[in-house]
Amino acid sequence: MSEETVELGPEIDPRIFDSKEFQKDPFPIYKQLRDHHPIYHDRFHNRWILSRYWDVDGAFQDNGSYDRAMYKADGPYDFGSRHVFGPNILEYGNSDEHRRLRNIVAGQFVGQKLQDFIPMIHQISEEVIDRFIDSGEVEIISQFASQVPIRVISNMLGLPREDEDTFVTWYQDLIAGLGFGGEHLMRGLNARNEMWDYIDPLIKKRSVDPGEDLLSRICTAEIAGSRMSSDEVKGFVALLLAAGGDTTEKAIANMWYHLMYTRPDQMELALSNPDIWENVFAEMMRFDPVVHAQFRYTTREIPLYNDVIPERAGVILYLGAGNRDERAFKNPDTFDILRDDLHMGRENRSGRYKDGKNGHLGFGIGQHFCMGYAMARQESAIACSKLAARVKKPRPKNMVHPGISSPSIDSGGFRSPEELIMEFDK
Amino acid sequence: MKVKEAKDPTKIVGKNGVVLRKSNYDSEGSGYRTYEVYQRERVGESTEKIKPSQLISDSFRFDPYPSLEILRENYPCYRDWLSNCYWITRYNDVTSIFSDDANFETRSKNHFLRAEGLGKDMGSELPVLFAQEKSFDEDTSRITSKLIEELLTNRTVDLATDFAAVLPLKILAEQYGVSDEESSQFGHRYWRMQRGTSWDPRLQMDGKNAAQELLDFFAGKIRSGEHKDMENCLSAMVALGAKGKDVVATLLNTDHETMHGALSNLWFNMLTSPDKFEKARSSKRMLKLAYLETLRHSPPVLSAERFALREIERFGRLIPEGARLICSAGAANRDPRIFDNPEEFTVDRRDMCQREPRGQYRADGLASGIAFALGRPSIHPAVPEDRPRSMYAIIRDASVSASQILIESTRGIQLEKDETVYLSCLTVGEMHTCWKLPVSLQAG
């Protein structure tokens, strides 16, 4: 991490972080943070902020100094009782318990196990497209982006297909429950409890009579003779639905938004080359990723830029800001699917690539690197390339669009446009 | 024939009809539980009755009490994710945190101002404390009389800005050997430095500059040896080896907000309720009670921060190490478990401690109004001969004396007609007081 002297710029009023203006366009504030306050003490929200690429990268890599968990993972407490997902690995910080749970499930989303799911992703994408392809118009979010991931997940888990609409409601409520507002938490907890009641008998059944589906694999997967408990399986399914469903939904929507409105000149390239959608995905994850911030708690005093973050302080890692750092990328505010300074291929948890290029920070890095990274990338790229292949002369219905925004500060959620209507020739 | 009153099981009444306690300790936690944990985290607890954004809103800045009541009555240990803190709002809970140095720490104003080059806070050194007590006791009357004399030359006076805000700064200037000519600039710098402890980075930057200006000012004063002919806080500190930076650190940690805010709020409460004013001005004792009731009913310092030294279970929650706790006097002082009709400003309230609490926030079995800036209650069971009175008592006596002088020197103090007066914080988290209180004054 850098120890350079920073020229202080205009002060930032921390209330800006709660404003609609920031939710919609945080990038000018990110730049101000990076350039003049690379370590920013936000006393209003009782937290510190890191925003430069290599500082965020460094914090992600440094488990000894930055802990993900608010509580001590080895404390004598029942974890997850208050978490909207129930007991899940997000609550276990950097502990051995986190490693155990992660090792049980992480292998299910990469390599051959992921390849086994690919034909199903193709098939589901086609089925969803069939529903609107004859109409000459699609509202991408509700008719496409929100339909594909949840069907993929429920299919992977081996859940009944007729209940897929219910799963969408659940995951939307679960994600909203991560926000600050109490009423959203209540919705999230209700969704969680309903989902648990629904899935409980399935877990019992598949633990003793496993099939080929992911739920059976998770119920029976063992690492060093250890299986997940029933509550842990339920917590994981909630996490999978919410984190795997909503994030991919928003990723697909954002990819189309950028080609329709940010770089329409690159749309033709994406339509003619199915492989380029992996680039669209990587550049979207850099330019304006679905998740912009990750929270950490310091485990010791951290000296940085002539300041010190105290022990057990809350730190926001603005990966959305790091991704736009001029120190890491040329012309960072330009969306370019042909950019030559971004690693466009598959991500990894080290964040270091053989091509020598920097990767985006959208999946995080290090111990808590997104488990579903490969799944999200494959699913998004396949779904988008399928849609691109089926529509003729796609174009935005409305020439002016209000743009991408984060949800209000009271509810949890990810960045995306609210509505995205595309017209195409029949 | 005298009918014996039925015993109210919810009250414990002492001699002379004084309500000692609202009820026996019960399962709902109305008793005094310092270290007791009364329930485990509740699964599925929701907080839909409040949004965290309400606690930083403009309406909260003007009238925080409705939101605080929601917290106190529904979520007594509220996890505020937006401001990353826990709100503690019941009287017994707040006082239990204050009494628990082993698990919760206070951070000095140096920590919040983050100014470089500040020295040691010498405010707890005995010679400094004695000098402070002497000044408050001996200088207050003279400075107040002189100030009122000046005010009487105007037909209309703003008691909030011309009296309540100015008096503590004038006394402070006296204690630090600041001349009349220098006092205006000194007061301005002092005020800017204090506001620099706010969360607002612009105020913080300005506060740091003000601290530097004060540092240069006092370093020059000490170098020139002016203090040698004085007998005040400054000379007491220099005799102990203080440098300019130590003087400024001590000044930073000196409280003026309670005297300023309490005086302003006292006069606000009295002038907006003429019958209460009549009662309060009837004797100095009543005026003292009105002052104490002001600190309970409308405390200028609404809350104090504490930080958890370790992961600890309190009030049914697991509080992580390093967590910030907002201990709310505004909410606790209006806790109906402790005070009858807590929303009412009652001059001679009988269920509140009428003297300085010692060793705890209660004396005579009664709770006191929590006023943070005055510090925690004295740890001494009685006033020892070799120690000055606590700041709690000194500031109270000075404020009451000053108000008494104002009453005696004037007649017919009345709010200017058609003026709307109210309490507010300048920004969220700052002092909650009356900033405009125009009155007509006539010499008595």
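All residue numbers refer to position in the chain's written sequence, counted from 1. Throughout, the order in which chains and ligands are written sets their labels, letters from A for the former and numbers from 1 for the latter. Restriction of local features to residues with pLDDT of at least 70 applies here, the model being predicted, together with a cutoff of 80 or more for giving and counting side-chain atom pairs; totals for whole chains, interfaces and linings are based on all residues. The basis for every side-chain value is the complete set of non-hydrogen atoms in the structure, without hydrogens or water.

K.L.:
Describe the overall build of chain B, listing the residues and the values that go with them.
P.N.:
Counting from the N terminus, the helices are DSSP H or I runs at least four residues long and the strands are E runs at least two residues long. In terms of regular secondary structure, chain B is built from 16 helices and 16 strands. To sort residues, take the accessible area from a 1.4 Å probe on protein chains only and compare it with the maximum for the residue type: under 20% means buried, over 50% means exposed, and anything in between is partly exposed. Taking all 444 residues of chain B together, the buried fraction comes to 58%. Contacts in chain B between residues far apart in sequence, at least 24 positions, make up 72% of those at least 6 positions apart. Note on areas: Shrake-Rupley, 1.4 Å probe, and residue coverage restricted to the protein chains presented here. Per element, the accessible surface of chain B, about 19100 Å² overall, is 49% carbon and sulfur. Any two residues whose heavy atoms approach within 4.5 Å at even a single point are treated as in contact.

K.L.:
Quick rundown of the overall build of chain A? Include the residues and the values.
P.N.:
Assigned secondary structure in chain A consists of 15 helices and 10 strands. Taken across its 426 residues, chain A has 61% of its residues classed as buried. Of all intrachain contacts in chain A linking residues separated by at least 6 positions in sequence, the fraction that spans at least 24 positions is 72%.

K.L.:
Quick one: what's the story with the nonpolar core, residue by residue and with numbers?
P.N.:
Soluble globular proteins: nonpolar side chains tend toward being buried together. All names here are of chain A. Note on terminology: a nonpolar core comprises buried Ala, Val, Leu, Ile, Met, Phe, Trp, Tyr and Cys residues joined through side-chain atoms within 4.5 Å. Grouped together as the largest cluster of nonpolar side chains are 93 residues, with contacts concentrated most on Ile140, Phe144, Leu215, Phe236, Trp256, Trp277 and Met422. The element best represented in this core is helix α11 (residues 230-262), accounting for 17 residues. Setting aside residues up to four positions removed in sequence, Leu215 forms contacts with Met156, Leu157, Leu159, Ile199, Leu202, Ile203, Arg206, Val233 and Val237.

K.L.:
Pulling in residues and values, what's your account of the sheet that holds strand β10 (residues 421-425) of chain A?
P.N.:
All names here are of chain A. Between any two strands, at least two bridges found by DSSP are needed for them to pair. Strand order in the open sheet formed by 3 strands is β4-β10-β9, with antiparallel pairing between adjacent strands. Of all the strands in the sheet, just β4 (137-139) and β9 (392-396) have a single pairing partner and so form its edges. Neighbouring strand axes in the sheet, compared pairwise and without regard to direction, differ in orientation by 25° on average. One ladder, built from 3 bridges, connects β9 with β10; its direction is antiparallel. Residue pairing in the sheet places Arg395 in a bridge with Glu423 of β10. Every axis in this analysis is a line fitted to C-alpha atoms, fitted for helices over the stretch in contact. Angles between the N-to-C directions lie between 0 and 180 degrees.

K.L.:
Can you break down the pattern of salt bridges residue by residue, with the values?
P.N.:
All names here are of chain B. The term salt bridge refers to a side-chain nitrogen of Lys or Arg lying within 4 Å of a carboxyl oxygen of Asp or Glu. All chains considered together, the criterion is met by 66 salt bridges over all chains. The partner of Glu125 in a salt bridge is Lys120, and the shortest N-O contact between them spans 3.1 Å. Lys120 gets classed as partly exposed once you look at its relative accessible area, which sits at 48%. Note that Lys134 is salt-bridged to Glu138, the shortest N-O span being 3.6 Å. Here Glu138 and Lys134 lie together in helix α5 (residues 126-151), a separation of 4 residues that amounts to about one turn. Lys134 sits in the partly exposed class, given a relative accessible area of 37%. Accessibility expressed as a relative area gives 49% for Glu138, which makes it partly exposed.

K.L.:
Please give an account of unusual backbone geometry that cites residues and values.
P.N.:
Here Tyr305 of chain A, not a glycine, exhibits a phi torsion of approximately 45°, which is positive. Mapped onto the elements of the fold, Tyr305 of chain A is located in the loop between β6 (302-304) and β7 (307-309). When its relative accessible area of 8% is taken as the criterion, Tyr305 of chain A is described as buried. Despite not being glycine, Asp418 of chain B shows a phi value in the positive range, around 65°.

K.L.:
Describe the packing of helix α7 (residues 166-175) of chain B against helix α12 (residues 257-271) of chain B, listing the residues and the values that go with them.
P.N.:
All names here are of chain B. At a minimum axis separation of 8 Å, α7 and α12 run at an interaxial angle of 150°. Judged on the interaxial angle alone, α12 and α7 are roughly antiparallel. Where α7 crosses over α12, the handedness of that crossing is right-handed. Contacts between α7 and α12 involve Leu167, Pro168 and Ile171 from the former and Met259, His260 and Leu263 from the latter. By definition in this entry, angles of less than 35 degrees are roughly parallel, angles greater than 145 are roughly antiparallel, angles of 65 to 115 are roughly perpendicular, and the rest are oblique. Note: crossing handedness is left-handed where the near helix turns anticlockwise from the far helix by less than a right angle, and right-handed where it turns clockwise.

K.L.:
Kindly report on the packing of α11 of chain A against helix α15 (residues 373-390) of chain A, identifying the contributing residues and their values.
P.N.:
To describe two helices that pack against each other, one gives the angle between their axes and the distance between the axes. Residues and elements named next belong to chain A. The N-to-C vectors of α11 and α15 enclose an angle of 45°; their axes lie 10 Å apart at closest approach. Overall, the two elements α11 and α15 adopt an arrangement that is oblique. At the point where α11 passes α15, the crossing takes the right-handed sense. When α11 is examined against α15, the residues Thr248, Ala251, Ile252, Met255 and Trp256 are found in contact with a partner set consisting of Ala376, Glu379, Ser380, Ala383, Cys384, Leu387 and Ala388. The residue makeup of the contact of α11 with α15, split by class, is 9 nonpolar, 2 polar and 1 charged. Just so you know the grouping, Ala, Val, Leu, Ile, Met, Phe, Trp, Tyr, Cys and Pro go in nonpolar, Asp, Glu, Lys and Arg go in charged, and all remaining residues, Gly too, go in polar.

K.L.:
An account of the sheet that holds strand β1 (residues 39-42) of chain A is requested, with residue identities and associated values reported.
P.N.:
Residue and element names in this part refer to chain A. If you walk across this open sheet you meet the 5 strands as β1-β2-β8-β5-β3, and the pairing is mixed. This sheet does not close on itself; its edge strands, each paired only once, are β1 and β3 (66-67). Where strand β2 (residues 47-50) meets strand β8 (residues 314-318), 3 bridges bridge the pair, whose relative direction is parallel. Across the sheet, the residue bridging to Ile49 is Ile316, located in β8. In the packing of helix α3 (residues 53-61) onto the sheet, the strands contacted are β2, β3, β5 (293-298) and β8, and the crossing angle to β8 comes to about 125°.

K.L.:
I'd like a description of the side chain of Gln404 of chain B, backed by residues and values.
P.N.:
Along the chain, Gln404 of chain B turns up in helix α16 (residues 391-409). Those residues in contact with Gln404 of chain B, other than ones at most four positions away along the chain, are Lys284 and Leu287 of chain B.

K.L.:
Give a detailed account of the side chain of Asp200 of chain B, specifying residues and quantitative values.
P.N.:
Looking at the secondary structure, you find Asp200 of chain B in the loop between α8 (180-195) and α9 (201-224). Any N or O atom pair separated by 3.5 Å or less is treated as a polar contact, with the protein-specific requirement of one donor-capable and one acceptor-capable atom, and with residues adjacent in sequence counted only for side-chain atom pairs. A polar contact is formed between the side chain of Asp200 of chain B and the backbone nitrogen of Arg202 of chain B, at a distance of 2.9 Å.

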